[in-house]
There are 2 protein chains.
Amino acid sequence: MQPTMARRTKAEAAATREALLDAAEDIFLERGVARTSLEQIARQAGMTRGAVYWHFRNKADLFRAMLDRVRMPFQELVEEIDDPALVDAPLEAIRLACLQGLARLEQPRYRRVHAILIHHCEVFGEIDPLAMQNEIAEESCGALIEYFTVACEHRLLRSDITPELAARLLQSSLGGLFHDWLRNHEHFSIRERGTEMVDTLLKLLAREP
Amino acid sequence: MQPTMARRTKAEAAATREALLDAAEDIFLERGVARTSLEQIARQAGMTRGAVYWHFRNKADLFRAMLDRVRMPFQELVEEIDDPALVDAPLEAIRLACLQGLARLEQPRYRRVHAILIHHCEVFGEIDPLAMQNEIAEESCGALIEYFTVACEHRLLRSDITPELAARLLQSSLGGLFHDWLRNHEHFSIRERGTEMVDTLLKLLAREP
DNA sequence: CTTTTTACATGCAACTCTGTATGGATATGT
DNA sequence: ACATATCCATACAGAGTTGCATGTAAAAAG
């Protein structure tokens with residue numbers, strides 16, 4: 001055993017920072033946020049608590065950094081499918097944005113971090129996960145309402161369905177499916193079920209030809 | 001200050017047990033399960049940790065007792081609306097069972113305990129809240145599938161909708177709405193939005209006359 | 001090459017929480 | 001009335017975690 005390992009290069013330091021965040025994901029997901037100590041995270045990454053306290057101020061700061069690696073604003077999803085042919089097909093734009101989101105959530109990192117945020121952490125320190133979830137929900141619902149409003153103006157929606165109702169239906173359905181899937185993702189594929197759900201919902205909501 | 005308060009009557013003991021559970025609901029909801037100590041619960045109830053350890057073995061046991069006060073198996077909801085006229089109207093039976101469940105969730109105790117179970121606790125000790133949620137979800141979804149299957153056999157469903165798909169749609173929608181509402185119940189009434197959602201979904205899923 | 005800063009490891013004091021052991025006073029059974 | 005079991009308060013030992021302070025070897029700056 002060496003006397004004391006010492007300073008790494010800047011690239012190595014960045015690598016240990018990522019390793020600490022990876023380790024945090026692992027143990028947060030396995031034991032929950034509250035029950036994992038900083039020493040468990042450090043040992044999982046092959047480090048000691050000294051490394052953790054150098055890179056982060058405390059557990060809340062580490063948690064925030066972990067979330068920052070998977071920031072996925074809804075607006076990004078819309079911009080990624082920015083096809084000018086879709087301005088007159090808002091329902092198809094919604095469909096593609098949803099599928100884009102489902103594809104992202106299948107990536108292990110997104111899935112794991114969201115599972116931690118939704119199912120494996122409580123309020124702690126200066127972090128309020130419910131407030132974060134609220135922000136996400138409000139933003140996505142607002143965006144959906146806008147698109148459904150456009151669809152309504154183009155006479156693409158059933159006459160007995162308001163844009164707000166359509167948006168809430170779609171958002172609740174996907175949110176519920178998301179929650180269920182995050183509990184045990186091996187039970188089914190969220191991409192398949194999500195696609196099926198979005199397709200049928202949009203078909204049911206669309207005005208009959 | 002008296003030297004040492006001592007033994008209460010059996011009724012008083014049962015009352016303190018209830019008071020401890022009430023206090024646990026309060027603080028669990030406010031601070032989260034992991035961050036609340038047994039002493040905080042005891043003091044909130046005007047007792048000490050001795051009372052807690054007398055009535056419960058540990059925090060997990062207290063948590064389980066708290067959940068036992070709001071056990072609401074889906075079958076109960078169906079039995080409560082056991083109207084023989086509904087055996088030939090399975091869609092109406094589903095609707096009434098859902099409304100019955102929504103009405104229950106509006107009761108403060110049900111709402112608070114479910115908010116704790118879903119949003120304010122992680123895995124701890126011998127308690128796995130995700131497994132409990134899974135049980136609830138599986139049971140309710142299974143019951144919905146049975147009823148939608150009957151509806152399908154009676155030609156009450158659209159021909160392009162399978163009973164499984166209908167059940168998953170309804171369950172995900174209500175589950176997502178439930179999660180959103182539990183985050184901040186003052187934002188909207190789950191009874192109104194849930195009723196609206198159930199009505200429109202069933203209308204969309206029903207075969208056109 | 002020298003100095004300074006970086007990137008950690010190690011050690012320490014303080015705090016919090018748990019579980020249990022003990023004690024006491026009263027309700028309850030007989 | 002007496003003995004006993006009940007209901008709860010108090011005290012204590014132990015473990016675990018946090019934040020900081022210190023040490024240190026190498027990288028980076030000059």
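By convention here, each chain's residues receive numbers from 1 onward along its written sequence. Whichever chain is written first becomes A and whichever ligand is written first becomes 1, with later ones labelled in order. Under the rules for a predicted model, residues below a pLDDT of 70 receive no local features and side-chain atom pairs below 80 are neither given nor counted, while totals for whole chains, interfaces and linings still include all residues. For the side-chain quantities, the full set of heavy atoms in the structure was used; hydrogens and water were omitted.

K.L.:
Looking at this structure, how should I read the domain arrangement of chain A?
P.N.:
Much of the literature gives interface size as the accessible area that the parts lose upon coming together. Residue and element names in this part refer to chain A. When the domains of chain A are assigned, the result is domain 1 (10-67) and domain 2 (70-205). Listed by partner, the interface residues are 14 residues for domain 1 and 14 residues for domain 2. In total, domain 1 and domain 2 occlude about 1,500 Å² of area from one another, counting both sides; carbon and sulfur atoms represent 63% of this. The buried area of a pairing is the accessible area, by a 1.4 Å probe, that goes missing from both parts when the two are put together, added over both. Summed over the three residues of domain 1 that lose the most area to domain 2, namely E25, L29 and L67, the buried surface amounts to 43% of that side. Just to be clear on terms, a salt bridge is a Lys or Arg side-chain nitrogen sitting within 4 Å of an Asp or Glu carboxyl oxygen. Summed over the shared surface of domain 1 and domain 2, the result is five salt bridges. Salt-bridge contacts for E25 lead to R109; the nearest nitrogen and oxygen are separated by 3.6 Å. Nitrogen and oxygen atoms within 3.5 Å of one another constitute a polar contact, given that in protein one can donate a hydrogen and the other can accept it, and given that sequence-neighbouring residues count only through two side-chain atoms. Linking domain 1 to domain 2 there are five residue pairs in polar contact (both at pLDDT 80 or more). Broken down by secondary-structure element, the contributors of at least two residues to the side of domain 1 that touches domain 2 are α1 (10-31) and α4 (59-68). Think of it as three bins: nonpolar holds Ala, Val, Leu, Ile, Met, Phe, Trp, Tyr, Cys and Pro, charged holds Asp, Glu, Lys and Arg, and polar takes everything else, Gly as well. Grouping the constituent residues of the side of domain 1 that touches domain 2 by class yields seven nonpolar, two polar and five charged. What marks off one domain from the next here is an automatic or database domain assignment. Note on contacts: a residue pair qualifies if any of its non-hydrogen atoms lie within 4.5 Å across the two residues. For the purposes of this entry, the term helix denotes a DSSP run of H or I that reaches at least four residues, the term strand denotes a run of E that reaches at least two, and both are numbered from the N terminus.

K.L.:
Hey, could you run me through α4 of chain A in this one?
P.N.:
Count 3.6 residues to each turn of an α-helix, and residues three or four apart come out pointing the same way. Residue and element names in this part refer to chain A. Categorising residues by exposure relies on relative accessible area from a 1.4 Å probe, with only protein chains included: less than 20% of the type maximum marks a residue as buried, more than 50% marks it as exposed, and the intermediate range marks it as partly exposed. Burial analysis of α4 places eight of its 10 residues in the buried class, the great majority of the element. Those residues of α4 not exposed but buried are K59, A60, D61, L62, F63, A65, M66 and L67. Against α1, α2 (38-44), α3 (49-55), α7 (108-119) and α8 (129-153) lie the buried residues of α4. The backbone nitrogen of A60 has a side-chain oxygen 3.3 Å away, supplied by the residue at the start of α4, namely N58.

K.L.:
When you look at the environment of A167 of chain B in this model, what are you seeing that I'm missing?
P.N.:
All names here are of chain B. Along the chain, the position of A167 falls in helix α9 (residues 163-183). Sequence spacing of A167 and M66 is 101 residues, and the spatial spacing of their C-alpha atoms is 30 Å. Residues contacting A167, with those up to four places away along its chain left out, are C141, L144, I145 and F148.

K.L.:
Sorry, what's going on with the pattern of salt bridges here?
P.N.:
Side-chain pairs of opposite charge can arise where the charged atoms are in close proximity. In this structure the tally under the stated criterion is 32 salt bridges over all chains. With a shortest N-O distance of 2.7 Å, E18 of chain B and R69 of chain B are connected by a salt bridge. With E18 of chain B in helix α1 (residues 10-31) and R69 of chain B in the loop between α4 (59-68) and α5 (74-80), this residue pair connects regions lying 51 residues apart in the sequence. Judged by relative accessible area, E18 of chain B falls into the partly exposed class, the value being 35%. Three or more residues joined by partner-sharing salt bridges are found here, namely E18, D22, E25, D26, R69, R109 and R112 of chain A.

K.L.:
I keep staring at helix α10 (residues 190-205) of chain A and nothing clicks. Help me out?
P.N.:
Multiply 1.5 Å by the residue count of a helix minus one, and that product is the helix's expected span. Its 16 residues place the ends of α10 of chain A 21 Å apart at the C-alpha level, agreeing with the 22 Å of an ideal helix rising 1.5 Å per residue. Within the span of α10 of chain A, buried status applies to I190, G194, M197, V198, T200, L201, L202, L204 and L205 of chain A. Here the buried face of α10 of chain A lies against α6 (90-105), α8 and α9 (163-183) of chain A together with α9 and α10 (190-205) of chain B.

K.L.:
Is there a simple way to explain the packing of α9 of chain A against α9 of chain B in this structure?
P.N.:
Packed helices, taken two at a time, are described by the angle their axes make and the gap between the axes. Comment: axis = line fitted to C-alpha atoms, over the contacting stretch for helices; angle = value between 0 and 180 degrees taken between N-to-C directions. The geometry of α9 of chain A relative to α9 of chain B is characterised by a closest axis approach of 6 Å and an angle of 90 degrees between their N-to-C directions. Taken together, the axis directions place α9 of chain A and α9 of chain B in an arrangement best described as roughly perpendicular. Contacts between α9 of chain A and α9 of chain B involve L169, Q171, S172, S173, G175, G176, L177, H179 and D180 of chain A from the first element and L169, Q171, S172, S173, G175, G176, L177, H179 and D180 of chain B from the second. Residues of the contact of α9 of chain A with α9 of chain B, tallied by class, amount to four nonpolar, 12 polar and two charged. Here roughly perpendicular refers to angles of 65 to 115 degrees, roughly parallel to angles under 35, roughly antiparallel to angles over 145, and oblique to all remaining angles.

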